[in-house]
Amino acid sequence: TIATNKKTTKAGDIIIARVGSRVLGRTNIVSSGSAIISDCLFAIRFDKKSDKKTFLSHWKKNRANWLELNSTGTCAKHITISKLSEFIDSILKY
């Protein structure tokens, strides 16, 4: 059976790979439809388009450096939701 507590994306969500040395930090935007996501991904949804635009701009410029400073793990590098939330809060200044 399929679990009923699944997490899904919707069009416009930002998807970030949260774990894996080869894919860590890879980012895409859901263009249409929806999909069930695993615990290896973060799905970010902003209420305001301006916040989404600000995040994407900062993420594009700072992603590599941020990942180097904030990813942990010896075998499988990963990022935590708390670290990513801190990054988002720092650029949006909530």
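Higher on the page you've got the structure.
These notes cover the structure that comes with them. (Residues numbered from 1 in each chain as written. Predicted model: local features only at pLDDT ≥ 70, side-chain atom pairs only at ≥ 80, totals over all residues. Heavy atoms only, no water.)

**Some remarks on the pairing of strand 3 (residues 41-44)**
Put simply, side chains in a regular strand alternate between the two faces of the sheet. Inclusion rule: Between buried and exposed lies partly exposed: a residue is buried under 20% and exposed over 50% of the maximum accessible area for its type, with that area taken using a 1.4 Å probe on protein chains only. In this description a helix means any DSSP run of H or I spanning at least four residues, a strand means any run of E spanning at least two, and both kinds are numbered starting from the N terminus. A pair of strands is considered paired only if DSSP assigns at least 2 bridges between the two.
Of the two faces of strand 3, the one lined by F42 and I44 is fully buried and the one lined by L41 and A43 carries no buried residue. Direction of pairing for strand 1 (residues 14-17) relative to strand 3: antiparallel, over a ladder of four bridges. The residue bridging I15 from the neighbouring strand is A43, located in strand 3.

**Looking at the sheet that holds strand 1**
How we decide: Lines fitted to C-alpha atoms define the axes, with helix axes restricted to the stretch in contact, and inter-axis angles between N-to-C directions lie between 0 and 180 degrees. Should any heavy atoms of two residues lie within 4.5 Å, those residues are counted as being in contact.
As summarised here, the arrangement of the three strands in space is 2-1-3, forming an open sheet in which the pairing is antiparallel. The two strands at the open ends of the sheet, each matched to only one other strand, are strand 2 (27-29) and strand 3. Strand-to-strand twist of the sheet, defined as the mean angle between neighbouring strand axes without regard to direction, takes the value 20 degrees. Along the sheet, helix 1 (residues 49-70) makes contact with strand 1, strand 2 and strand 3, crossing strand 1 at roughly 25 degrees.

**A closer look at the packing of aromatic side chains**
Rules: Classification of ring pairs uses Phe, Tyr and Trp, with its six-membered ring standing for Trp, and accepts pairs whose centres are within 6.5 Å; under 30 degrees between planes counts as stacked, over 60 as edge-to-face, and the remaining range as tilted.
With the rule as written, the count across this model stands at six aromatic pairs. Summarising the aromatic geometry, the rings of F46 and F55 are spaced 5.6 Å apart at their centres and angled 40 degrees between planes, so their arrangement reads as tilted. Comparing F46 with F55 shows no difference in burial state: the two are buried. Here the aromatic rings of F55 and F87 are separated by 6.2 Å at their centres, their planes lie at 75 degrees, and the arrangement is edge-to-face. Of this pair, F55 sits in helix 1 while F87 sits in helix 2 (residues 81-92), and the two are 32 residues apart along the sequence. Residue F87 is classed as buried on the basis of its relative accessible area of 9%. Here the aromatic residues F46, F55, W59, W66 and F87 are joined through ring pairs into a cluster of three or more.

**Comments concerning the layout of surface pockets**
Empty space left among the atoms is revealed by rolling a probe the size of a water molecule over them. Basically, it comes down to this: A cavity here means a set of 1 Å grid points, computed over protein atoms only, where a 1.4 Å probe fits but cannot escape. A pocket is an open set with protein on both sides within 12 Å along at least 5 of 7 lines, and lining residues have an atom within 4 Å of a point. Grid points are joined across faces, edges and corners, and a volume is the space filled by probe spheres set on the points.
When its volume is computed, the largest pocket comes out at roughly 230 Å³. Considering the residues around the largest pocket, the lining is formed by 13 residues, among which I37, L41, F42, A43 and I81 are closest to the centre. Elements supplying a minimum of two residues to the lining of the largest pocket: strand 3 and helix 2.

**Thoughts on the nonpolar core**
Short version of the rule: Residue types Ala, Val, Leu, Ile, Met, Phe, Trp, Tyr and Cys, when buried and joined through side-chain atoms within 4.5 Å, form a set referred to as a nonpolar core.
Residues I16, I44, F55, W59 and L84 are the most contacted members of the largest nonpolar core, which totals 16 residues. Among the elements that take part in this core, helix 2 stands out by supplying five residues, more than any other. Those residues in contact with I44 that sit more than four places away from it in its chain are D13, I14, I16, F55, L84 and I88.

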